[in-house]
Amino acid sequence: MKIAIAQLNYTVGDIDGNTSKIIDSINKAKEQHADLVIFAEQAVSGTPAFDLLQKTTFLELCEDALVEIASCCDGIAAIVGLPILTENGTVSAAALIQDRKVLRYVGKKYITARREMGFLVPSKGYEYAKIKGHKCVIIVGDDLSRERDFDKSVDTIISINARKYGKGKMSYRYEMMHNLAFVEGKNLVMVNQVGGSTDIVYDGTSGAFNSRGELVLLMKHFQEDFQIFDTCLSRQKSVEVPTTNSMRTRLLYDAAVCGLHDFFAKNGYQKACIGLSGGIDSAVVAAIAVEALGRENVHALLMPSQFSSDHSVEDAREVAENLGISYNVLPITEIYKSTVDTLKPAIGGREFDSTEENIQPRIRTILLMALQNKTGHILLNCSNKSENALGFCTLYGDTAGAFSPTGDLYKCEMYDVARYINRLHDNVIPDRVLDKEPSSELHPGQKDSDILPPYEVVDAILYRMIEEGQHREEIINAGFDSEVVEKIHAMIMRNEKKRYQFPPVLRLSSCSFGHERLMPLTNKYGD
């Protein structure tokens, strides 16, 4: 059996657009004499659709679209994902179409993602079907990782999925699929979505395993793709899943570019603005924005204060010129002094502290938001996960923005991505930006290391706490300084209020704030 795998980029709620893509791929599959064409989970609706899955009209439009899709399936079978309203609630289903008729719906049994809980209800799970004389099992979503012991007469397992990207998940995903295909002795075909959907990005990388558990087809990551898997070919050349560290950084970069591009394209935005400081974070975001949107659509503001070093302004200017983006230099010294003077009747006579420090990033945000309002340039946030975790950020200052493409990357990962960008684009980020010690330049001589050890140590502790969920005692027993561990834990806990007010942060890790790690804003745990 020749199975066409259509890995497509869908938009939530764009039922007409998604349907058009699906029909185009059906016609393409017919041209290539495929017996079956498969599409991702919730392809018709796009995902995650959240409360749209509770709207009867929305679900009826999805079913109407399926009728149109089925009318094109003359001489070919298709499996299409969509939400279906049942007497128990909305189910994520795979519709099996043959001879222009919808023969049945196969629902998802396990609702495991938080973004689906409360919006979808469980169904009975996988079903067997005879397609073009071949016995197949059709399975939806994460059911693939939970079901085993399929009927011996089954030739091929067909999985339609919507698996988001997350660091390290690809290796796990394909190891699980290899084991399933090998143990069951069956072909295994998986189709995934691709593209950004607000704060989620789907990586694609759909694939097929033969009955010996060998990966014989691996589709593109973060791009639409269309390929044919022929179950009758007895000998196919096996391929490998990319797992090297360099490939991991490339995937992070590609995910950020894809997520940012689709956030703009699917929301009808075109131009972005950035506050370029001369530091590593804003340089990386600017480079990602240029890749995702084009240099002609990115504008930077350089906003030095009296605390900014000369080389910061020079470095920011060099980054902008290397990237080929337009920029303005708008010194904020006079605005800052005027603001402090205006406040004197209310807070004057007190020592310089974080109050005066935080005025600077808030002034910068005022200027950036004015640019957004006047010109339509959408403000990009330039945060990283380390600073977001510790609260090294100013609420209504550098936490502002419409979208954060890097807020789920640790500080050390920002350096990894910067070095990858330089390899990709001929050192557009100057060495001095990479070599300088991290600083927010909120007061003369200020450095992040005044408060905490190097980020290599900080990030290692943060990763254990956040991604791995380790207790402080475990981390201390692993060799980390107890005072540092306690301090970092306290900083994480008391800065939840800031994270509740962040812009949408592109989810690139396996444990993102506010999603996989959702803490109550008001709580006394750990006091």
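See the structure printed just above.
These remarks concern the structure in this document. (Residues numbered from 1 in each chain as written. Predicted model: local features only at pLDDT ≥ 70, side-chain atom pairs only at ≥ 80, totals over all residues. Heavy atoms only, no water.)

### Comments concerning the state of the cysteines
In step 1: Under the criterion given, the structure shown has 0 disulfides.
In step 2: Cys273 takes part in no disulfide bond, and the closest cysteine sulfur to it belongs to Cys382, at a distance of 9.5 Å.
In step 3: Classification of Cys273 by relative accessible area gives buried; the value is 0%.
In step 4: Cys382 provides the cysteine sulfur closest to Cys393, a residue in no disulfide bond, and the two sulfurs are 13 Å apart. (Disulfide = S-S within 2.5 Å. Buried < 20%, exposed > 50% of the residue type's maximum accessible area, 1.4 Å probe, protein only.)

### Looking at the environment of Thr47
In step 1: Within the secondary structure, Thr47 sits in the loop between β2 (36-38) and α2 (56-70).
In step 2: Between the alpha carbons of Thr47 and Pro83 there is a distance of 9.7 Å; along the sequence they are 36 residues apart.
In step 3: For Thr47, the residues in contact, after removing those within four places along its chain, are Val12, Glu41, Gln42, Ala162, Gln193, Ser197 and Tyr202. (Helix = DSSP H or I, 4+ residues; strand = E, 2+ residues; numbered from the N terminus. Contact = heavy atoms within 4.5 Å.)

### With respect to the nonpolar core
In step 1: Of all hydrophobic cores here, the largest spans 70 residues; its most connected members are Val284, Leu380 and Leu508.
In step 2: Those residues in contact with Val284 that lie beyond four places of it in its chain are Thr406, Met414, Val417, Ala418, Ile421 and Ile429.
In step 3: Listed in part, the 39 residues of the second largest apolar core include Ala78, Val80, Ile84 and Ile111. (Core = buried A, V, L, I, M, F, W, Y, C linked by side-chain atoms within 4.5 Å.)

### Quick look at the sheet that holds strand β7 (residues 134-140)
Hydrogen bonding along the main chain pairs the strands of a sheet, whether they run parallel or antiparallel.
In step 1: Reading across the sheet, the 6 strands line up as β6-β7-β8-β9-β12-β13 and stay open at both edges, with mixed pairing between neighbours. Taken across any chain shown, the strands that pair with only one partner, and hence form the sheet edges, are β6 (127-131) and β13 (215-218). Averaged over all pairs of adjacent strands, the angle between their axes in this sheet comes to 20°, without regard to strand direction.
In step 2: Where strand β12 (residues 207-209) and β13 come together, 3 bridges link them in antiparallel fashion. Bridging across to β13, Ala208 finds its partner in Leu217.
In step 3: Sheet strands touched by helix α3 (residues 169-184): β8 (156-160), β9 (187-191), β12 and β13. Its angle to β9, the strand with the most contacts, is close to 150°. (Pairing = 2+ DSSP bridges. Axes fitted to C-alpha atoms, helices over the stretch in contact; angles between N-to-C directions.)

### Let's talk about the side chain of Thr19
In step 1: Position of Thr19 among the secondary structure elements: in helix α1 (residues 15-31).
In step 2: Excluding its chain neighbours within four sequence positions, the residues that come into contact with Thr19 are Val44, Ala65, Glu68 and Ile69.

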